[in-house]
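# Geometric and topological summary
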Amino acid sequence: MQSEPMSPEAFHQALLAKGAYYHIHHPFHVALYEGRATREQIQGWVANRFYYQVSIPVKDAAILANCPDRETRQEWIQRIVDHDGEPGTEGGIEAWLRLGEAVGLAREVLLSQALVLPGVRFAVDAYVNFARRASWQEAASSSLTELFAPQIHQSRLNSWPTHYPWIDMTAYDYFRKRLREARRDVEHGLRITLAHYRTWEAQQRMLEILQFKLDVLWSMLDSMSMAYELDRPPYHTVTDEAVWHRGIAL
(Lines give C-alpha, C1' and ligand atoms only; values in the text may rest on other atoms or scores of the structure.)
Protein backbone atom coordinates (compact mmCIF):
# COMPACT_ATOMS: atom_id res chain seq x y z
CA MET A 1 0.00 0.00 0.00
CA GLN A 2 1.42 3.36 -1.02
CA SER A 3 2.14 5.71 1.88
CA GLU A 4 4.16 8.46 0.25
CA PRO A 5 2.04 11.39 -0.89
CA MET A 6 2.02 12.52 -4.47
CA SER A 7 4.02 15.61 -5.27
CA PRO A 8 1.93 18.74 -5.88
CA GLU A 9 2.54 18.32 -9.60
CA ALA A 10 1.52 14.66 -9.63
CA PHE A 11 -1.54 15.40 -7.49
CA HIS A 12 -2.55 18.16 -9.89
CA GLN A 13 -2.23 15.74 -12.79
CA ALA A 14 -4.35 13.16 -10.94
CA LEU A 15 -7.05 15.78 -10.50
CA LEU A 16 -6.89 16.71 -14.17
CA ALA A 17 -7.19 13.03 -15.16
CA LYS A 18 -10.67 13.04 -13.64
CA GLY A 19 -11.69 15.17 -16.61
CA ALA A 20 -12.28 11.88 -18.46
CA TYR A 21 -15.53 11.65 -16.46
CA TYR A 22 -16.69 15.22 -16.90
CA HIS A 23 -20.24 15.60 -18.19
CA ILE A 24 -19.00 17.12 -21.44
CA HIS A 25 -18.71 13.46 -22.50
CA HIS A 26 -22.31 12.57 -21.62
CA PRO A 27 -24.38 11.64 -24.71
CA PHE A 28 -26.99 14.26 -23.84
CA HIS A 29 -24.37 17.01 -23.83
CA VAL A 30 -22.75 15.63 -26.97
CA ALA A 31 -26.13 15.87 -28.71
CA LEU A 32 -26.45 19.50 -27.55
CA TYR A 33 -22.97 20.29 -28.83
CA GLU A 34 -23.42 18.54 -32.17
CA GLY A 35 -26.73 20.24 -32.95
CA ARG A 36 -28.89 17.14 -32.60
CA ALA A 37 -30.97 18.43 -29.68
CA THR A 38 -34.58 19.44 -30.20
CA ARG A 39 -36.02 22.70 -28.94
CA GLU A 40 -37.79 20.77 -26.17
CA GLN A 41 -34.56 19.06 -25.10
CA ILE A 42 -32.75 22.39 -24.92
CA GLN A 43 -35.58 23.85 -22.88
CA GLY A 44 -35.47 20.86 -20.53
CA TRP A 45 -31.73 21.24 -20.07
CA VAL A 46 -31.98 24.99 -19.39
CA ALA A 47 -34.84 24.52 -16.90
CA ASN A 48 -33.10 21.76 -14.98
CA ARG A 49 -29.69 23.41 -14.96
CA PHE A 50 -31.38 26.47 -13.51
CA TYR A 51 -31.89 24.52 -10.28
CA TYR A 52 -28.13 23.93 -10.20
CA GLN A 53 -27.44 27.61 -10.87
CA VAL A 54 -29.62 28.87 -8.03
CA SER A 55 -28.11 26.28 -5.67
CA ILE A 56 -24.50 27.35 -6.29
CA PRO A 57 -24.61 30.48 -4.09
CA VAL A 58 -26.37 28.44 -1.39
CA LYS A 59 -23.51 25.93 -1.55
CA ASP A 60 -20.95 28.72 -1.41
CA ALA A 61 -22.70 30.34 1.55
CA ALA A 62 -22.41 27.01 3.40
CA ILE A 63 -18.67 26.97 2.72
CA LEU A 64 -18.34 30.51 4.06
CA ALA A 65 -20.35 29.61 7.16
CA ASN A 66 -17.91 26.80 7.99
CA CYS A 67 -14.72 28.69 7.13
CA PRO A 68 -12.89 30.48 9.97
CA ASP A 69 -10.22 31.92 7.68
CA ARG A 70 -10.88 35.58 6.87
CA GLU A 71 -8.69 35.75 3.77
CA THR A 72 -10.35 32.69 2.26
CA ARG A 73 -13.78 34.15 2.92
CA GLN A 74 -12.74 37.42 1.27
CA GLU A 75 -11.95 35.54 -1.94
CA TRP A 76 -14.70 32.93 -1.81
CA ILE A 77 -17.52 35.41 -1.33
CA GLN A 78 -16.95 36.64 -4.88
CA ARG A 79 -18.53 33.42 -6.11
CA ILE A 80 -21.82 34.37 -4.47
CA VAL A 81 -21.63 37.83 -5.99
CA ASP A 82 -20.93 36.29 -9.40
CA HIS A 83 -24.21 34.38 -9.31
CA ASP A 84 -26.48 36.65 -7.28
CA GLY A 85 -25.05 39.96 -8.46
CA GLU A 86 -24.65 43.04 -6.32
CA PRO A 87 -27.58 45.42 -5.71
CA GLY A 88 -28.31 47.08 -9.03
CA THR A 89 -26.15 44.69 -11.06
CA GLU A 90 -26.83 41.49 -12.96
CA GLY A 91 -25.35 38.20 -11.82
CA GLY A 92 -25.20 34.77 -13.35
CA ILE A 93 -28.69 33.77 -12.22
CA GLU A 94 -30.21 36.71 -14.05
CA ALA A 95 -28.15 35.85 -17.13
CA TRP A 96 -29.48 32.29 -16.96
CA LEU A 97 -33.05 33.58 -16.77
CA ARG A 98 -32.40 35.48 -20.01
CA LEU A 99 -31.05 32.29 -21.56
CA GLY A 100 -34.30 30.60 -20.55
CA GLU A 101 -36.36 33.32 -22.17
CA ALA A 102 -34.27 33.05 -25.35
CA VAL A 103 -35.04 29.33 -25.67
CA GLY A 104 -38.77 29.93 -25.14
CA LEU A 105 -39.25 29.47 -21.40
CA ALA A 106 -41.16 32.06 -19.43
CA ARG A 107 -39.20 33.52 -16.54
CA GLU A 108 -42.02 32.53 -14.19
CA VAL A 109 -41.71 28.89 -15.26
CA LEU A 110 -37.99 28.82 -14.50
CA LEU A 111 -38.44 30.53 -11.15
CA SER A 112 -41.22 28.13 -10.18
CA GLN A 113 -38.87 25.15 -10.71
CA ALA A 114 -41.91 23.28 -12.03
CA LEU A 115 -39.83 21.51 -14.69
CA VAL A 116 -37.05 20.30 -12.37
CA LEU A 117 -36.83 16.51 -12.53
CA PRO A 118 -36.55 14.66 -9.21
CA GLY A 119 -33.26 13.04 -10.18
CA VAL A 120 -31.78 16.48 -10.87
CA ARG A 121 -33.14 17.86 -7.61
CA PHE A 122 -31.77 14.93 -5.60
CA ALA A 123 -28.32 15.22 -7.20
CA VAL A 124 -28.05 18.96 -6.65
CA ASP A 125 -29.39 18.73 -3.11
CA ALA A 126 -26.80 16.05 -2.33
CA TYR A 127 -24.09 18.46 -3.43
CA VAL A 128 -25.41 21.32 -1.30
CA ASN A 129 -25.82 19.04 1.71
CA PHE A 130 -22.25 17.79 1.29
CA ALA A 131 -21.02 21.39 1.39
CA ARG A 132 -22.97 21.98 4.59
CA ARG A 133 -21.61 18.93 6.39
CA ALA A 134 -18.04 18.69 5.13
CA SER A 135 -15.07 20.68 6.32
CA TRP A 136 -14.75 23.95 4.48
CA GLN A 137 -11.61 22.69 2.72
CA GLU A 138 -13.37 19.57 1.41
CA ALA A 139 -16.44 21.53 0.36
CA ALA A 140 -14.27 24.12 -1.38
CA SER A 141 -12.22 21.53 -3.23
CA SER A 142 -15.39 19.78 -4.46
CA SER A 143 -15.81 22.78 -6.75
CA LEU A 144 -12.75 21.75 -8.75
CA THR A 145 -14.84 20.41 -11.58
CA GLU A 146 -14.18 24.03 -12.58
CA LEU A 147 -10.87 22.66 -13.89
CA PHE A 148 -12.87 21.43 -16.87
CA ALA A 149 -15.55 24.13 -17.04
CA PRO A 150 -13.87 26.53 -19.51
CA GLN A 151 -13.87 23.78 -22.12
CA ILE A 152 -17.59 23.10 -21.77
CA HIS A 153 -18.52 26.80 -21.83
CA GLN A 154 -16.36 27.37 -24.90
CA SER A 155 -17.92 24.37 -26.65
CA ARG A 156 -21.35 25.95 -26.25
CA LEU A 157 -20.14 29.31 -27.53
CA ASN A 158 -18.50 27.62 -30.51
CA SER A 159 -21.37 25.36 -31.56
CA TRP A 160 -24.74 26.62 -30.38
CA PRO A 161 -24.93 29.78 -32.53
CA THR A 162 -24.36 27.66 -35.64
CA HIS A 163 -26.67 24.79 -34.75
CA TYR A 164 -29.44 26.77 -33.05
CA PRO A 165 -29.73 30.11 -34.89
CA TRP A 166 -33.17 30.64 -33.36
CA ILE A 167 -31.52 31.39 -29.99
CA ASP A 168 -30.67 35.08 -29.61
CA MET A 169 -26.91 35.65 -29.34
CA THR A 170 -27.28 37.73 -26.18
CA ALA A 171 -28.48 34.57 -24.44
CA TYR A 172 -24.90 33.33 -24.32
CA ASP A 173 -23.75 36.05 -21.93
CA TYR A 174 -23.74 33.56 -19.05
CA PHE A 175 -21.20 31.30 -20.77
CA ARG A 176 -18.97 34.23 -21.74
CA LYS A 177 -19.07 35.49 -18.17
CA ARG A 178 -18.24 32.10 -16.69
CA LEU A 179 -15.23 31.66 -18.97
CA ARG A 180 -13.52 34.46 -17.07
CA GLU A 181 -14.82 33.57 -13.64
CA ALA A 182 -14.09 29.84 -13.83
CA ARG A 183 -10.41 30.38 -14.57
CA ARG A 184 -10.11 32.67 -11.54
CA ASP A 185 -12.02 30.22 -9.35
CA VAL A 186 -9.83 27.30 -10.44
CA GLU A 187 -6.70 29.11 -9.32
CA HIS A 188 -8.15 29.74 -5.86
CA GLY A 189 -9.60 26.24 -5.51
CA LEU A 190 -6.30 24.65 -6.51
CA ARG A 191 -4.41 26.69 -3.95
CA ILE A 192 -6.72 25.44 -1.20
CA THR A 193 -6.60 21.85 -2.43
CA LEU A 194 -2.85 21.55 -2.92
CA ALA A 195 -2.23 23.10 0.50
CA HIS A 196 -4.74 20.95 2.40
CA TYR A 197 -4.29 17.42 1.03
CA ARG A 198 -0.72 16.53 1.95
CA THR A 199 -0.87 12.80 2.74
CA TRP A 200 -1.56 9.90 0.39
CA GLU A 201 -4.78 9.09 2.21
CA ALA A 202 -5.96 12.69 2.09
CA GLN A 203 -5.16 12.94 -1.61
CA GLN A 204 -7.19 9.80 -2.30
CA ARG A 205 -10.02 11.30 -0.27
CA MET A 206 -9.91 14.40 -2.47
CA LEU A 207 -10.03 12.33 -5.65
CA GLU A 208 -13.15 10.63 -4.26
CA ILE A 209 -14.69 14.02 -3.47
CA LEU A 210 -14.03 15.19 -7.01
CA GLN A 211 -15.56 11.97 -8.34
CA PHE A 212 -18.64 12.63 -6.20
CA LYS A 213 -19.06 16.04 -7.83
CA LEU A 214 -18.62 14.45 -11.25
CA ASP A 215 -21.29 11.92 -10.26
CA VAL A 216 -23.66 14.81 -9.47
CA LEU A 217 -23.19 16.42 -12.87
CA TRP A 218 -23.42 13.14 -14.79
CA SER A 219 -26.52 12.01 -12.88
CA MET A 220 -28.27 15.26 -13.73
CA LEU A 221 -27.82 14.52 -17.42
CA ASP A 222 -28.90 10.90 -16.93
CA SER A 223 -32.22 12.19 -15.60
CA MET A 224 -32.61 14.61 -18.49
CA SER A 225 -31.71 11.94 -21.03
CA MET A 226 -34.38 9.60 -19.64
CA ALA A 227 -37.04 12.32 -19.71
CA TYR A 228 -36.23 14.18 -22.93
CA GLU A 229 -34.39 11.67 -25.16
CA LEU A 230 -35.86 8.29 -24.23
CA ASP A 231 -39.32 9.67 -23.39
CA ARG A 232 -39.21 7.99 -19.98
CA PRO A 233 -39.82 10.74 -17.44
CA PRO A 234 -40.62 9.75 -13.85
CA TYR A 235 -43.80 7.65 -13.56
CA HIS A 236 -44.10 7.37 -17.33
CA THR A 237 -45.58 3.87 -17.02
CA VAL A 238 -48.50 5.06 -14.90
CA THR A 239 -49.23 8.67 -15.88
CA ASP A 240 -48.44 11.40 -18.38
CA GLU A 241 -48.62 14.03 -15.65
CA ALA A 242 -45.60 15.49 -13.88
CA VAL A 243 -46.64 14.22 -10.46
CA TRP A 244 -43.24 14.42 -8.75
CA HIS A 245 -42.73 16.63 -5.74
CA ARG A 246 -41.73 20.27 -6.16
CA GLY A 247 -39.11 20.62 -3.48
CA ILE A 248 -41.39 20.87 -0.46
CA ALA A 249 -39.33 20.27 2.67
CA LEU A 250 -39.87 16.67 3.74
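Right above here is the structure, for reference.
Quick caveat, the model's predicted, so the values are computed rather than measured.

Parameters and conventions
- Residues numbered from 1 in each chain as written.
- Predicted model: local features only at pLDDT ≥ 70, side-chain atom pairs only at ≥ 80, totals over all residues.
- Heavy atoms only, no water.
- 1 Å grid on protein atoms, 1.4 Å probe; cavity = no way out; pocket = protein on both sides within 12 Å on 5 of 7 lines; lining within 4 Å.
- Points joined across faces, edges and corners; volume = space filled by probe spheres on them.
- Helix = DSSP H or I, 4+ residues; strand = E, 2+ residues; numbered from the N terminus.
- Nonpolar A, V, L, I, M, F, W, Y, C, P; charged D, E, K, R; others polar.
- Axes fitted to C-alpha atoms, helices over the stretch in contact; angles between N-to-C directions.
- Parallel < 35°, antiparallel > 145°, perpendicular 65-115°, else oblique.
- Left-handed = near helix turned anticlockwise from the far one by under 90°.
- Contact = heavy atoms within 4.5 Å.
- Core = buried A, V, L, I, M, F, W, Y, C linked by side-chain atoms within 4.5 Å.
- Buried < 20%, exposed > 50% of the residue type's maximum accessible area, 1.4 Å probe, protein only.
- Expected span 1.5 Å × (residues − 1).
- Phe/Tyr/Trp six-rings, centres within 6.5 Å; stacked < 30°, edge-to-face > 60°.
- Lys NZ or Arg CZ within 6 Å of the ring centre and 35° of its normal.

Attention now moves to empty space enclosed by the protein. Tallied over the full model, the rule gives 1 cavity of 30 Å³ or more. Here the largest cavity is characterised by a volume of approximately 290 Å³. Lining the largest cavity are 25 residues; nearest its centre among them are Tyr-52, Ile-56, Glu-146, Arg-178 and Lys-213. Counting residues per element, the lining of the largest cavity draws most heavily on helix α3 (residues 39-66), which supplies 6 residues. Each residue belonging to the lining of the largest cavity can be placed in one class, and the counts come to 9 nonpolar, 6 polar and 10 charged.

Direction vectors running N to C along α3 and helix α4 (residues 70-84) enclose 160°, while the axes themselves pass 9 Å from each other. Relative to α4, the element α3 lies roughly antiparallel. The crossing of α3 and α4 is left-handed. Contact with α3, carried on its side by Gln-53, Ile-56, Pro-57, Asp-60, Ala-61, Ile-63 and Leu-64, involves Arg-73, Trp-76, Ile-77, Arg-79, Ile-80, His-83 and Asp-84 of α4 and no other residues of that element. Residue classes in the contact of α3 with α4 are distributed as 8 nonpolar, 2 polar and 4 charged.

Let us look at the nonpolar core. Counting 74 residues, the largest nonpolar core has Leu-15, Ile-42, Trp-45 and Met-220 as its most contacted members. The element best represented in this core is helix α11 (residues 200-229), accounting for 12 residues. Apart from residues no more than four positions distant in its own chain, Trp-45 is found in contact with Phe-28, Leu-32, Trp-96, Arg-156, Trp-160, Phe-175, Leu-221, Met-224 and Tyr-228.

Attention now moves to helix α9 (residues 149-163). The first and last C-alpha atoms of α9 sit 21 Å apart over 15 residues, in line with the 21 Å expected at 1.5 Å per residue. Where α9 is concerned, the buried positions are Ala-149, Pro-150, Ile-152, His-153, Ser-155, Arg-156, Leu-157, Ser-159 and Trp-160. Packing partners of the buried residues in α9 comprise α2 (27-34), α3 and α10 (173-196).

With respect to the helices, strands and loops of the structure, Gln-43 is situated in helix α3. With residues near it in sequence (within four places) discarded, Gln-43 still touches Val-103, Gly-104 and Leu-105.

For the rest of this paragraph, the subject is the layout of surface pockets. In this structure, the largest pocket encloses a volume near 210 Å³. As for the largest pocket, its lining consists of 13 residues, and the residues nearest its centre are Pro-233, Asp-240, Glu-241, Ala-242 and Trp-244. Taken together, the residues of the lining of the largest pocket sort by class into 9 nonpolar, 2 polar and 2 charged.

The description of two aromatic rings rests on the distance between their centres and on the angle between their planes. The tally for this structure, following the rule as stated, stands at 12 aromatic pairs. Taken together, the ring pairs in this structure connect Trp-45, Trp-96, Trp-160, Tyr-164, Tyr-172, Tyr-174 and Phe-175 into an aromatic cluster. The ring of Trp-166 has Arg-39 sitting right over it, with the charged end atom 3.9 Å from the ring centre. The cationic tip of Arg-121 hangs over the ring face of Tyr-51; the distance from NZ or CZ to the ring centre is 4.7 Å.

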